[in-house]
Amino acid sequence: MKNKVNIGLIGIGTVGGGTYKVLHDNAEEITRKTGKQVSISHVADMNVELAKKVVSDDTKIFSDAFQLVDDDTIDIIVELIGGTTVSKDLVVRAIKNGKHVVTANKALIAIHGEELVALAKSNNVILAFEASVAGGIPIIKAIREGLVGNKIEWVAGIINGTTNYILTEMRENRLSFQTALKQAQELGFAEADPTFDIEGIDAAHKLTILASVSFGIPINFDAVYIEGISSLDSIDIGYAEELGYRIKLLAITKCHEDAVELRVHPTLVPEKRLVANVNGPMNAVLVKGNMVGPTLYYGAGAGSEATASSVVADIIDIIRQSEINSEERVPVLGFKPEHIKPKRLLNINEVISEYYLRMTMSNMTGLLARITSIFAKHSISIDAMTQKEVEENAKDVDIILITSPVIEEVMNKIINEIESLPENKNKIIKIRIESLNK
Ligand code: HSE
């Protein structure tokens, strides 16, 4: 690549502004590391006035991003507008125009990644997306390059800062989900429409990408089992804490001999695990390699300059790798394309887990014996059990159980049988547990 590298930036919002700042403020450092002058030469944003305020006078500004991707003087396009429609059209056009592309767009990669990676390869350009997962944490590079000598066995992470902030507030300040969400919105940690975050979709997008680079499987968003945190009751956060656990929205993917599991759901994690103590909007990802063992990556999963740090890392990677013959570059998904193979995807009913269960029952003689006999009939043991009086009605009790590992299908049968007992008052609350120690 020539000595002066021109970057065309689409979207001058939070991450776009951060990318401008990183390239500007660290220009000297970046030149020392690359030998090149790297700067944003062009910006596209519908809000031209905003763009004028952020960038220098010599930066060319477009209101139409398609004009930017067609500009012959640009070397690398950075897409930071999000979404999966216009952004996809822009990325496709940029690639077809022979430009390298950097994106922070997890939904775009999770849904159209297969097509875009193949298109980039056939056009001999690089598509890079480090900032799409866990913001400033270089987790894709760590898995793809730092752990390249390992067979990755599993990945488990807190990869959505909004929900981690909400869960932290629910635990530390005993807030309800709704109050914690409102607070997160007021502080700018949650979007006005928080659906993607609180329903686990954002974490599932990111998990899809991590599973692909970890196991060499196609990117397949539809394969993820997703449960968010919107129906989580702070009472369970309190009970979990009494039993030595924290509840986190974990994104988990495990590679078995014959299948892969991908799931996002609220999870009880033993409080002694480091990841259980990741609080506020921070992210953390645990990666288990078969040789290195568990490794942990922690940092800001969102935010202007933190996410821009990953965007700029991708830009520099492209500058360093673009001169290399495409066959010899680091494969974008970590595996040579001909070795990316689909694996059977485990249905959530087939997943083995320990469980936290909360059942509200009328306190009749012999109740515990009836519950334990249902577990015994299915040969499942109970690891812990506590009973709490329900404040509103002293005749009712909350029974909290921790089970030994059990296949989800059997767990659901046990739950159905207990829910049919005449003493049962409500739907049983079921939350999966991950010990994260194997
Ligand atoms: N909404 C995301 C989060 C932003 O809360 O983590 C970063 O992808």
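What you are looking at is a predicted structure, and each value in this text was computed from that prediction instead of being measured.

A.B. asks: Even after reading the chapter, I still don't get the environment of Ala156, so can you show me in this structure?
C.D. replies: You can see Ala156 is positioned in strand E7 (residues 152–158). A relative accessible area of 1% means that Ala156 is categorised as buried. Between the C-alpha atom of Ala156 and that of Glu130, which follows or precedes it by 26 residues, the distance is 17 Å. When neighbours within four sequence positions are excluded, Ala156 is seen to be in contact with Leu250, Ala251, Ile252, Ala284, Val285, Leu286 and Leu436.

A.B. asks: Could you clarify how one ought to interpret unusual backbone geometry in this entry?
C.D. replies: Trans peptide bonds make up the majority, and among non-glycine residues the majority have a negative phi. One non-glycine residue, Arg174, adopts positive backbone phi at about 55 degrees. Here Arg174 shows up in the loop between helix H8 (161–172) and helix H9 (177–186). The phi torsion at Ser379 lies on the positive side, around 60 degrees, for a residue other than glycine. Looking at the element boundaries, Ser379 is found in the loop between helix H14 (367–377) and strand E15 (382–389). By relative accessible area, which is 65% here, Ser379 ends up exposed.

A.B. asks: Would you take a moment to explain the pairing of strand E10 (residues 259–270) for this structure?
C.D. replies: Walk down a regular strand and you will see the side chains alternate between the two sheet faces. A large share of E10 lies buried, amounting to twelve of its twelve residues. The sheet contact formed by strand E8 (residues 225–226) and E10 spans two bridges and is parallel. Across the sheet, the residue bridging to Tyr225 is Arg263, located in E10. Hairpin remark: strand E9 (residues 245–255) followed by E10, antiparallel, with three residues in the connecting loop. Relative to strand E13 (residues 344–345), E10 runs parallel, the two being bridged by two bridges. Following the sheet pairing, Ala259 is matched in E13 by Arg344. For E10 and strand E18 (residues 429–433), the ladder comprises two bridges, and the chain directions are parallel. Of the residues in E18, the one forming a bridge with Leu268 is Ile433.

A.B. asks: Would you explain the side chain of Ser87 in this entry?
C.D. replies: Relative to the helices and strands, Ser87 is located in helix H5 (residues 86–96). A residue is classified by how much of its surface remains accessible, and Ser87, at 1% relative accessible area, is buried. Within polar-contact distance, the side chain of Ser87 engages the backbone oxygen of Gly82 at 3.4 Å. Beyond its immediate sequence surroundings of up to four residues, Ser87 is in contact with Glu79, Ile81, Gly82, Asn105 and Leu108.

Rules used throughout
Residues numbered from 1 in each chain as written. Predicted model: local features only at pLDDT ≥ 70, side-chain atom pairs only at ≥ 80, totals over all residues. Heavy atoms only, no water. Helix = DSSP H or I, 4+ residues; strand = E, 2+ residues; numbered from the N terminus. Buried < 20%, exposed > 50% of the residue type's maximum accessible area, 1.4 Å probe, protein only. Contact = heavy atoms within 4.5 Å. Pairing = 2+ DSSP bridges. Polar contact = N/O pair within 3.5 Å; in protein donor to acceptor, adjacent residues only side chain to side chain.

None of this, on its own, says anything about what the molecule does.
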